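Tertiary structure, described
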Amino acid sequence: MEARRKNDFSQGSIARNILSLAVPLTVAQLTVVLYNVVDRAFIGHIAGVGRDAFTGIGLVMPVTYIINAFANLCGTGGAPLCSIARGRGDDRRAARVMGVSFTFLLLLGAALTVFFYLFHEPILYLVGGSPETVYHAKSYLLIYLAGTIPVMISLGMNPFINSQGFGRIGMMTTLLGAVVNLILDPVFIFALNMGVRGAALATVIAQTCSAAWVLVFLTGKRALLRLDRESLGLDGPILRRVCGLGLTGFTFSVTNSLVQALGNAQLQTYGALAGGSAQGDLYVAAMTAITSVREIVFQPIHGLTQGAQPVMGYNYGAGRYSRVRESIRFVTAACLTYNVAVWLLLLAFPQVFILLFNDDPGLLEVGVTTMRIYYAAYAAMSFQTIGQNTFVALGRAKSAVFFSLLRKVILVTPLILLLPRMGLGAYGVFAAEPISDVIGGLACFTTMMCTVWREMKQPDRLT
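So, here's what we can say about the structure. Counting restarts for each chain: residues are numbered from 1 in the order of the written sequence. pLDDT decides what is reported in this predicted model: residues at 70 or higher carry local features, side-chain atom pairs at 80 or more are listed and counted, and totals for whole chains, interfaces and linings draw on all residues regardless. Hydrogens are left out, water is left out, and the side-chain values use all remaining heavy atoms of the structure.

A few points about helix α15 (residues 397-418)
In an α-helix there are 3.6 residues to a turn, and that puts residues three or four apart on one side. Given a rise of 1.5 Å per residue, 22 residues ought to cover 32 Å, and the 30 Å separating the end C-alpha atoms of α15 matches this to within 8%. Three labels apply to residues, based on accessible area from a 1.4 Å probe with only protein chains included: buried if under 20% of the type maximum, exposed if over 50%, partly exposed otherwise in between. Note on conventions: DSSP H or I runs of at least 4 residues are helices, E runs of at least 2 residues are strands, and numbering of each starts at the N terminus. When α15 is considered as a whole, its buried residues turn out to be Ala-397, Ala-400, Val-401, Phe-403, Ser-404, Leu-406, Arg-407, Lys-408, Leu-411, Val-412, Leu-415 and Ile-416. The span you would expect from a helix comes to 1.5 Å times its residue count less one.

Here we look at the pattern of salt bridges
Any two side chains of opposite charge can pair, so long as their charged atoms come close to each other. By salt bridge we mean one thing: a side-chain nitrogen of Lys or Arg within 4 Å of a carboxyl oxygen of Asp or Glu. For the structure on display, the rule yields eight salt bridges. Residue Glu-433 pairs with Lys-408 through a salt bridge whose shortest N-O separation is 3.7 Å. Of the two residues, Glu-433 is situated in helix α16 (residues 427-455) and Lys-408 in helix α15; the sequence distance between them amounts to 25 residues. Look at the salt bridges and you will find they share partners, linking Arg-294, Arg-407, Lys-408, Glu-433 and Asp-437 into a network.

Details of the packing of aromatic side chains
Stacked, tilted and edge-to-face are the three classes assigned to paired rings of Phe, Tyr and Trp, where Trp is represented by its six-membered ring and a pair needs centres within 6.5 Å; plane angles under 30 degrees give stacked, over 60 edge-to-face, the rest tilted. For the structure shown, the criterion picks out 14 aromatic pairs. Aromatic pair Phe-70 and Phe-250: ring centres 4.9 Å apart, planes at 75°, arrangement edge-to-face. Remark: Phe-250 occurs in helix α9 (residues 236-275) and Phe-70 occurs in helix α3 (residues 50-87); sequence separation between them is 180 residues. Like Phe-250, Phe-70 is buried. For the ring pair Tyr-375 and Tyr-378, a centre distance of 5.7 Å and an interplane angle of 75° mean the geometry is edge-to-face. When its relative accessible area of 0% is taken as the criterion, Tyr-378 is described as buried. Among the aromatic side chains, those forming a connected cluster through ring pairs are Phe-115, Phe-116 and Phe-119.

Some points on the environment of Ser-404
For Ser-404, the position within the fold is in helix α15. When its relative accessible area of 2% is taken as the criterion, Ser-404 is described as buried. Each C-alpha atom, one on Ser-404 and one on Thr-251, is 6.4 Å from the other, the two residues being 153 residues apart in sequence. Whether two residues touch is decided by their heavy atoms; if any such pair falls within 4.5 Å, the residues are in contact. Other than its neighbours up to four places away in sequence, Ser-404 contacts Thr-248, Thr-251, Phe-252, Thr-255, Gln-384 and Gln-388.

Observations regarding the layout of surface pockets
Its volume calculated, the second largest pocket comes out at about 180 Å³. Elements that contribute at least two residues to the lining of the second largest pocket include exactly α3, α4 (91-126) and α9. Element by element, the count of residues in the lining of the second largest pocket is highest for α3, at three residues. Gly is put with the polar residues, along with every residue not named as nonpolar or charged; the nonpolar set is Ala, Val, Leu, Ile, Met, Phe, Trp, Tyr, Cys and Pro, and the charged set is Asp, Glu, Lys and Arg. The residue makeup of the lining of the second largest pocket, split by class, is six nonpolar, one polar and four charged. Of the grid points, spaced at 1 Å and generated over the protein atoms alone, those admitting a 1.4 Å probe that cannot get out make up cavities, while open sets with protein on both sides within 12 Å along at least five of seven lines make up pockets; any residue with an atom within 4 Å of a point is treated as lining. Grid points are joined across faces, edges and corners, and a volume is the space filled by probe spheres set on the points.

If you want it as structure tokens, here you go:
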């Protein structure tokens, strides 16, 4: 009972409730991203083949986004439903949602492993690979796929720990994997001379440790909602709700994968027209560096919004609408403040970020120019994040999915195809991002304010 009172988000300071979850989440997610980035940095500095190996990792990224997408389908779909059920006092349904999500996650993980093992080579060429870069990409991917299910358990089930209010335990999930990976990376890559294979093996071992941590906690006595035999299995109505709400996180990752793949292919095509396949590889390497930087700078915002979701969902379920409004105000102020600061930093010092991955003069020259184009309107991305997070937290699946599709599919995809043809060449691929940041972000935030915000002005429901 003490744990339940402690994790009652209808009481106490909204900012404190959100930060109690967001700070551990941010630390954990930043650590994960940092060890992924360090992974790429180690690979980019392998003597003699660093740039090609780094570009090969860029080809693997669309595949990892797809795997993350299916993990998000279960995690970001099920965890908010758990929070809403807990707010209504229905712990039995909350546990069932978690069990159904876990069962579905295991089935998806097995299917994805088989699919990518069968079709990995044509996929790597389709997303902009050349013979030189596909060689390194295959070396990494074939080992990475062995850890697909552990990766999905770690990513997809950790939100259920956070939704119960155990932010520090959720943080330890990712810190454990990060520490293991950071220790093993230099050993496998350099000491044992395994190159990109060593990086992949270190990642698989690290994610397996994280998955074990998640399962031990969720089946143990400290968890408010436990994974047990009664909660496992599939349930049609629950699964439809989970998938409906999880489509937001799923769509975000899938569209990231598709945009990354399409962008790489366009960069290879227009780069080759400008200076042969080597020039195409150079542009793909620049995009890999830029998106790696974006993973780093986006994580504090992702951690904040993920930390806010259980608080918003719980209060919505409990009928405390004034606290939902207060949560939206807090998240909006924090997101805007942080993103404006990051935006100015990226535009002022792009070369510092490019040098993290490789010191090739050609990559540095192209990377500085393309980074300034890509991040030209990054601050406007705040509005997309705030609006979409609010829709997810309150179970508004259709709105959340629509605005995810609007930005990446309806806006970015056509722009990636059209702008290079309008005389911009490969630089047109990078220019698609700031245009979508402005249009997509403002559309999402305005809609949220005109719908959810107005609805939350109703009086609190007394219980």
